[in-house]
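Chain and residue survey
As a plain string of letters, each chain reads:
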Amino acid sequence: MQLTFTEKHTPHVGLCIDVNKHLYTAQSAFQRIDVLESPEFGRILVLDGILMLTEKDEFIYHEMIVHVPMAVHPAAKRVLVIGGGDGGAVRELCKYDAVERIDLVEIDAQVVEVCREYLPAVSQSFSDPRVNVRYEDGLKYVRRCSDLYDIIVVDSTDPFGPGEGLFTKEFYGNCFKALKEDGILVNQHENPFYPDDAAAVRRIHKQIVLSFPLSRLYQAHIPTYPSGHWLFGFSSKKYHPVQHLDADRWNALNIKTRYYNTNLHKAAFALPTYVEELIKGVE
Ligand code: SAM
């Protein structure tokens, strides 16, 4: 008998992945957590029935959400990751010797525990001495922060359930306050292709542009995410994501990546016309 994992991306379209084993399942205080083993994508983390990451393609998402801001900010030392309980964003940040402190604020401790046990290649850097993990709601945490961070990475679930508050004007306004005078915020920003998700892209962008003087979308191809066309938000108090990219400085760091490079960085901000149209009236 063949087990399969199916995630509906619309009422009529879904992603279906053959599964060898159902390694873990539990209901935490916040969400259902599952870990599956698949022949094609390796291990898969699923939260409330939604695919969060797979061993095979998580590098794309985690490299793009971390190296884009890190290649623009000239001297990021203190970084906040909100969500990101799998550790992938933290792993990429730990590749920078100049980073002195990484605060990870994850609402669900059980996600961290499960990823430490079942996804060691993703969660490998939690033991880095620069990493401080706090288990609380990121929405509440940033209310208490002011002028603290060079970069904030919002690596959250989708805009419903525990992640809903991380897509609000209040949250983005508090992130602005929590950032230093040249701070950068990046966030996962859903897909522009399916109508409901496209509406979310527009809604999220509208909330962000109310708080930041500069806000741009960029994109990556993530095979297991809805439509495969995934967006990220880059918002900044001072730096432009392409004009202030210092490719020579980043390349001289010799950081090993499999998806991100400084040429792709520039291209990632060149959006398809239908995506430009989608957000035109918002900016
Ligand atoms: N990094 C993965 C990826 O490749 O997309 C998935 C994102 S990560 C698993 C999303 C995390 O956000 C989850 O662990 C979830 O518990 C956490 N989260 C959701 N709402 C949150 C909130 N309000 N505050 C802090 N963490 C939250």
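This structure is a prediction, so every number in the text was calculated from the model and none was measured.

Moving on: the overall build of the protein chain. Scanning the protein chain from N- to C-terminus turns up 9 helices and 13 strands. Radius of gyration (C-alpha) of the protein chain: 18 Å, near the 19 Å computed for a compact globule of 283 residues. In terms of overall dimensions, the protein chain has C-alpha extents of about 55 × 45 × 35 Å along its principal axes. Within the span of the protein chain, comprising 283 residues, buried residues form 60% of the whole. Look at the contacts in the protein chain between residues 6 or more apart in sequence, and 67% of them connect residues 24 or more apart. Element-wise, carbon and sulfur atoms account for 51% of the exposed surface of the protein chain, whose accessible area totals about 12,000 Å². Positive and negative charge centroids in the protein chain, built from 30 and 38 side chains respectively, lie 4 Å apart.

Time to look at the side chain of Ser 215. As for its placement among the helices and strands, Ser 215 is situated in strand E12 (residues 214–221). Its relative accessible area of 5% is what places Ser 215 among the buried residues. Here the side chain of Ser 215 touches Ser 235 through a polar contact of 2.9 Å, side chain to side chain. When near neighbours in sequence (up to four residues on either side) are disregarded, Ser 215 contacts His 205, Ile 208, Val 209, Phe 234, Ser 235 and Glu 283.

Taken together, the 7 bridges between strand E1 (residues 3–10) and strand E2 (residues 13–19) define a ladder with antiparallel strand orientation. By the bridge assignment, Glu 7 is partnered in E2 with Leu 15. Between E1 and E2, which pair antiparallel one after the other, the connecting turn spans 2 residues.

Glancing now at the site of the ligand. Around the ligand, a shell composed of 25 residues is seen, among which Gln 31, Asp 86, Glu 106, Gly 138 and Tyr 225 lie nearest. One nitrogen or oxygen atom from the side chain of Asp 155 is found 3.0 Å from a nitrogen atom belonging to the ligand. About the coverage of the ligand: the protein hides 99% of its 580 Å² of free accessible area. Elements with a contribution of two residues or more to the shell around the ligand: strand E6 (50–54), helix H1 (58–72) and strand E8 (101–106). Looking at side-chain class alone, the shell around the ligand contains 10 nonpolar, 9 polar and 6 charged residues.

With 15 residues, H1 extends 22 Å between its outermost C-alpha atoms, agreeing within 8% with the 21 Å of an ideal straight helix rising 1.5 Å per residue. For H1, a buried count of 15 out of 15 residues is recorded, marking the element as mostly surrounded by other parts of the structure.

Time to look at the packing of aromatic side chains. Aromatic ring pairs: the centre-centre distance and the angle between the two ring planes describe each pair. Applying the stated rule across the entire model yields 11 aromatic pairs. Both rings, one in Tyr 24 and one in Tyr 118, keep their centres 5.6 Å apart while their planes meet at 50°; by these two values the pair is tilted. Residue Tyr 24 is found in strand E3 (residues 21–27), and its partner Tyr 118 is found in helix H3 (residues 109–118); the two are separated by 94 residues along the sequence. Residue classification places Tyr 118 among the buried residues on the basis of a relative accessible area of 15%. Between Phe 234 and Phe 269, the aromatic rings sit 6.0 Å apart at their centres with planes inclined by 85°, giving edge-to-face as the arrangement. One end of the pair, Phe 234, is in strand E13 (residues 229–236); the other, Phe 269, is in the loop between helix H8 (262–268) and helix H9 (273–280), with 35 residues separating them in the sequence. Just as Phe 234 is buried, Phe 269 falls in that class too.

A few words on the nonpolar core. Formed by 54 residues in total, the largest nonpolar core has its most connected members in Met 64, Tyr 218, Phe 232 and Phe 234. Those residues in contact with Met 64 that lie beyond four places of it in its chain are Pro 69, Tyr 218, Gln 219, Ala 220, Phe 232, Tyr 259, Tyr 260, Leu 264 and Ala 268. Counting 22 residues, the second-largest nonpolar core is a separate cluster that includes Val 142, Val 154, Leu 166 and Ala 178.

A few words now on the sheet that holds strand E5 (residues 42–47). A sheet is described by the order of its strands in space; here 4 strands give the open sequence E3-E4-E5-E6, paired in antiparallel fashion. Here the strands that pair on one side only, and so sit at the sheet edges, are E3 and E6. Averaged over all neighbouring strand pairs, the angle between strand axes comes to 20°, with direction disregarded.

Cut-offs and rules
Numbers given for residues are sequential positions, taken from 1 along each chain in its written order. Per-residue local features of the predicted model are confined to residues with pLDDT of at least 70, and side-chain atom pairs are confined, for both listing and counting, to 80 or more; whole-chain, interface and lining totals are unaffected and use all residues. As a convention, hydrogens and water are excluded, and side-chain values are obtained from all of the structure's heavy atoms. We count a stretch as a helix when DSSP gives it H or I for four or more residues in a row; a strand needs E for two or more, and each element gets its number in order from the N terminus. Atoms counted for the radius of gyration: C-alpha only. Globule rule: 2.2 Å times residue count to the power 0.38. Buried residues are those whose accessible area, probed at 1.4 Å on protein chains only, stays under 20% of the maximum for their type, while exposed residues exceed 50% and partly exposed ones sit between those limits. Only heavy atoms enter the contact rule, under which two residues are in contact if any of them lie within 4.5 Å. Using the Shrake-Rupley algorithm and a 1.4 Å probe, accessible areas are obtained, with residue cover drawn only from the displayed protein chains. Note that His is not counted, nor are the chain ends; the positive residues are Lys and Arg, and the negative ones are Asp and Glu. Charged groups are reduced to one reference atom each: NZ for lysine, CZ for arginine, CG for aspartic acid, CD for glutamic acid. For this analysis, a polar contact is any N or O atom pair within 3.5 Å, provided that within protein one partner can donate a hydrogen and the other can accept it, and provided that sequence-adjacent residues contribute only side-chain to side-chain pairs. Strands pair, by our definition, only if DSSP identifies at least two bridges between them. Neighbouring residues are identified by heavy atoms, a residue being near a molecule or strand if any of them is within 4 Å of it. Charged means Asp, Glu, Lys or Arg here, nonpolar means Ala, Val, Leu, Ile, Met, Phe, Trp, Tyr, Cys or Pro, and polar covers whatever is left, Gly included. Under the convention used throughout, the expected extent of a helix is 1.5 Å for every residue step, that is, one less than its residue count. Between the rings of Phe, Tyr and Trp (Trp by its six-membered ring), a pair exists once the centres lie within 6.5 Å; its type follows the angle of the planes, with under 30 degrees stacked, over 60 edge-to-face, and the other angles tilted. The nonpolar core is taken to be a set of buried Ala, Val, Leu, Ile, Met, Phe, Trp, Tyr and Cys residues, with the residues joined through side-chain atoms within 4.5 Å. For helices, the fitted axis covers only the stretch in contact; all axes are lines through C-alpha atoms, and the angles between them, taken along N-to-C directions, range from 0 to 180 degrees.

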